[in-house]
Amino acid sequence: MTLSKIAATAMAAGAALGLAACSLPGTGPSGKLPTLDGQPPLVVAHRGASGLLPEETLEAYARAIELGADMIEMDLVSTKDGVLITRHDPNLAISTDVAKRPEFAARKKTIQVDGETQTGWFSNDFTLAEIKRLGAISTDAERPQQFNGQYKVPTFQEVIDLAKAKSRETGRTIGIYPETKNPTYFRDLGMPMEDKLIAMLEAAGWNSRTAPVLVQSFEPGSLKYMKSKGLKTRLIQLIDGDGIDMKTGAMTYAVPVDRPYEWTKAGDKRNFDVMVTPAGLAEIKTYADGIGPWKRYIVSIKGTVGADGKPVDVNRDGKVNDADATSTAPTSLVADAHKAGLFVHPFTFRNESRRLAADYKGDAANEYLAYYRLGVDGVFTDFTDTALAARRSWLKETGR
């Protein structure tokens, strides 16, 4: 099954969410959806069902599949003995209970990761057997904590095997969406991951354009290398940013998410924003098939500025965050990317009220609807069920 068909297969499950619908020109029964291929947007389970369970574990991936995700997304880092595992960060202190393991206390250190000073325990200092002794933990204090330490860190191979097994079990194709994480960091350690990734996809029978696989990276060099070495799956250039200036709605940049680290090493001072220009998109099209931009490149937010010149805590909860801001007019990025022949999968959609602009009225479904209506080809989400319910609602309003 091709990736363009995956979403249509999963779309059939579940009841429609009761949201107000409005007609959209050109998207009725006789019209084409505003996605690049005219198919429903993919729902990509970002690190699995990470809003419910400790991220990037087999349990989180299985839960996301159970909820109906079209694809499961994972970040790849390397162990000391060269095994690819699924962790968002090389620093194991962020997502495991390693800090509570006295036998590993001596391995705590302070190093530079992509130009950022970090203190913790790092995957490249642990064998797979040692990492299997750790328990995964939730990375967000607002999310369930009762599962901390219960689930192990999986290998990439274990996730491949899970996706294949669940595809057989459910009768629908479960895609995988791996990312080469911090590829320059690992390459500098003499532990490059790209060749291993290619070999594993080849062994799985998934090294083809029609395989249920999308490979992503923030570093163009990693994608270009894999393409040159015979990786045939579709490739996605990720595009990051640090934050939003609440006074202006403009993107801000800071290490380590200001630019691909390979650019920093090469002395290239450009930031990620050059990638969203027509010229930048044209360059990406030479080596990739789509972009995965931070969603604020598509719809930004802007806060209220007080007499003191500072953003106002509008909802008076003691914090200034997205909930105190409103959405700005959409940019032309989706249309520009589609014109360049690139699909668009923005990240990351979440349910917590602090992450939703005030105009969404505390309902995450309203944010999804805004992006679906703009024609995004997929979304990275921590809450698969919410994304799917909103997609059903949007398809209903388009006459599907």
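Higher on the page you've got the structure.
One structure accompanies this document, and this report is about it. (Residues numbered from 1 in each chain as written. Predicted model: local features only at pLDDT ≥ 70, side-chain atom pairs only at ≥ 80, totals over all residues. Heavy atoms only, no water.)

### Overview of the overall build of the protein chain
Phase 1 of the analysis: For the protein chain, the helix and strand inventory stands at 12 helices and 15 strands.
Phase 2 of the analysis: Here the C-alpha coordinates of the protein chain stretch approximately 60 × 55 × 45 Å along the principal axes.
Phase 3 of the analysis: Within the span of the protein chain, comprising 400 residues, buried residues form 54% of the whole.
Phase 4 of the analysis: Partitioning the contacts of the protein chain with sequence separation of at least 6, the portion at a separation of at least 24 is 71%.
Phase 5 of the analysis: Summed over its atoms, the accessible surface of the protein chain is roughly 15900 Å², and 53% of this surface lies on carbon and sulfur atoms.
Phase 6 of the analysis: For the protein chain, the distance from the average site of its 50 positive side-chain charges to the average site of its 50 negative ones is 3 Å. (Helix = DSSP H or I, 4+ residues; strand = E, 2+ residues; numbered from the N terminus. Buried < 20%, exposed > 50% of the residue type's maximum accessible area, 1.4 Å probe, protein only. Contact = heavy atoms within 4.5 Å. Areas by Shrake-Rupley, 256 points an atom, 1.4 Å probe, with all protein chains shown as cover. Lys, Arg positive; Asp, Glu negative; His and termini not counted. Charge placed at Lys NZ, Arg CZ, Asp CG, Glu CD.)

### Structural notes on the packing of aromatic side chains
Phase 1 of the analysis: Summed over the entire model, instances satisfying the criterion amount to 11 aromatic pairs.
Phase 2 of the analysis: Geometrically, the ring pair formed by phenylalanine 104 and phenylalanine 126 is edge-to-face, given 5.0 Å between the ring centres and 70° between the ring planes. On the criterion of sequence distance, the pair formed by phenylalanine 104 in the loop between β3 (84-86) and β4 (109-113) and phenylalanine 126 in the loop between β5 (116-120) and α3 (128-131) is long-range, its members being 22 residues apart. The residues phenylalanine 104 and phenylalanine 126 share a single accessibility class, namely buried.
Phase 3 of the analysis: One aromatic cluster in this structure is built from Tyr177, Phe218, Phe272, Phe347 and Phe380.
Phase 4 of the analysis: In this structure, arginine 107 is placed above the aromatic ring of phenylalanine 126, and the distance from its NZ or CZ to the ring centre is 4.8 Å.
Phase 5 of the analysis: The lysine or arginine in question, lysine 295, covers the ring of phenylalanine 349, its NZ or CZ lying 4.9 Å from the ring centre. (Phe/Tyr/Trp six-rings, centres within 6.5 Å; stacked < 30°, edge-to-face > 60°. Lys NZ or Arg CZ within 6 Å of the ring centre and 35° of its normal.)

### Re the environment of glutamine 39
Phase 1 of the analysis: Mapped onto the fold, glutamine 39 is located in the loop between α1 (3-10) and β1 (42-46).
Phase 2 of the analysis: Between the alpha carbons of glutamine 39 and lysine 224 there is a distance of 27 Å; along the sequence they are 185 residues apart.

### Focus on the side chain of serine 222
Phase 1 of the analysis: For serine 222, the location among the structural elements is in helix α7 (residues 220-228).
Phase 2 of the analysis: Its relative accessible area of 0% is what places serine 222 among the buried residues.
Phase 3 of the analysis: Engagement of the side chain of serine 222 in a polar contact is seen with the side chain of threonine 180, the distance being 2.9 Å.
Phase 4 of the analysis: Among residues more than four places away in sequence, those in contact with serine 222 are Thr180, Pro183, Arg187, Glu194, Ser217 and Glu262. (Polar contact = N/O pair within 3.5 Å; in protein donor to acceptor, adjacent residues only side chain to side chain.)

### Topic: the pattern of salt bridges
Phase 1 of the analysis: Per the stated rule, a full pass over the model turns up 27 salt bridges.
Phase 2 of the analysis: For the salt bridge of lysine 132 with glutamate 158, the shortest nitrogen-to-oxygen distance reads 2.8 Å. Taken together, the residues span a long stretch of sequence, with lysine 132 in the loop between α3 and α4 (156-170) and glutamate 158 in helix α4 at a distance of 26 residues.
Phase 3 of the analysis: As a salt-bridge pair, arginine 355 and aspartate 140 come within 2.9 Å of each other at their nearest N and O atoms. In this pair, arginine 355 is assigned in the loop between β14 (343-344) and α11 (364-374) and aspartate 140 in the loop between α3 and α4, connecting sequence segments 215 residues apart.
Phase 4 of the analysis: Salt bridges sharing common partners tie together Asp140, Glu142, Arg143, Arg350, Glu352, Arg354, Arg355 and Asp382. (Salt bridge = Lys/Arg side-chain N within 4 Å of Asp/Glu carboxyl O.)

### So, the nonpolar core
Phase 1 of the analysis: Ile72, Phe156, Ile176, Leu201, Trp206, Ile291 and Tyr372 are the most contacted members of the largest nonpolar core, which totals 101 residues.
Phase 2 of the analysis: By residue number, the principal contributor to this core is α11, which donates six residues.
Phase 3 of the analysis: If sequence neighbours within four positions are ignored, tyrosine 372 has contacts with Pro34, Pro41, Val43, Val379, Ala387, Ala390, Arg391 and Trp394. (Core = buried A, V, L, I, M, F, W, Y, C linked by side-chain atoms within 4.5 Å.)

### Some thoughts on helix α6 (residues 194-203)
Phase 1 of the analysis: For α6, the complete set of buried residues consists of Glu194, Leu197, Ile198, Met200 and Leu201. Relative to the axis of α6, the buried residues are bounded by an arc of 165° and lie together on one face.
Phase 2 of the analysis: Phi turns positive one or two residues past the end of α6, at glycine 205, with a value near 75°. (Arc of directions from axis to C-beta.)

### A word on α7
Each full turn of the α-helix corresponds to 3.6 residues, which orients residues three or four apart in the same direction.
Phase 1 of the analysis: Listing the buried residues of α7 in full gives Pro220, Ser222, Leu223 and Met226. Seen end-on, α7 carries its buried residues on one side only, within an arc spanning 165°.
Phase 2 of the analysis: Positive backbone phi, at 100°, marks glycine 230, one or two positions downstream of α7.

### Brief notes about the side chain of serine 138
Phase 1 of the analysis: Along the chain, serine 138 falls in the loop between α3 and α4.
Phase 2 of the analysis: Here the side chain of serine 138 touches glutamine 145 through a polar contact of 3.5 Å, side chain to side chain.
Phase 3 of the analysis: Beyond its immediate stretch of four places on either side in the chain, serine 138 contacts Pro54, Arg143, Pro144, Gln145 and Asn148.

### What about the packing of α6 against α7?
Phase 1 of the analysis: Closest axis-to-axis distance for the α6/α7 pair is 10 Å, and the angle between their directions is 50°. As far as their axial angle goes, α7 and α6 are oblique. For the pair α6 and α7, the sense of crossing is right-handed. On α7, the residues touching Glu194, Asp195, Leu197 and Ile198 of α6 are Ser222, Tyr225 and Met226.
Phase 2 of the analysis: The residue inventory of the contact of α6 with α7, partitioned by class, reads four nonpolar, one polar and two charged. (Axes fitted to C-alpha atoms, helices over the stretch in contact; angles between N-to-C directions. Parallel < 35°, antiparallel > 145°, perpendicular 65-115°, else oblique. Left-handed = near helix turned anticlockwise from the far one by under 90°. Nonpolar A, V, L, I, M, F, W, Y, C, P; charged D, E, K, R; others polar.)

### Quick look at the environment of leucine 369
Phase 1 of the analysis: Considering the arrangement of structural elements, one finds leucine 369 in helix α11.
Phase 2 of the analysis: The buried category is assigned to leucine 369, whose relative accessible area is 2%.
Phase 3 of the analysis: Sequence separation of leucine 369 and arginine 391 is 22 residues, and the distance between their C-alpha atoms is 7.4 Å.

Purely geometric numbers; function is a separate question.
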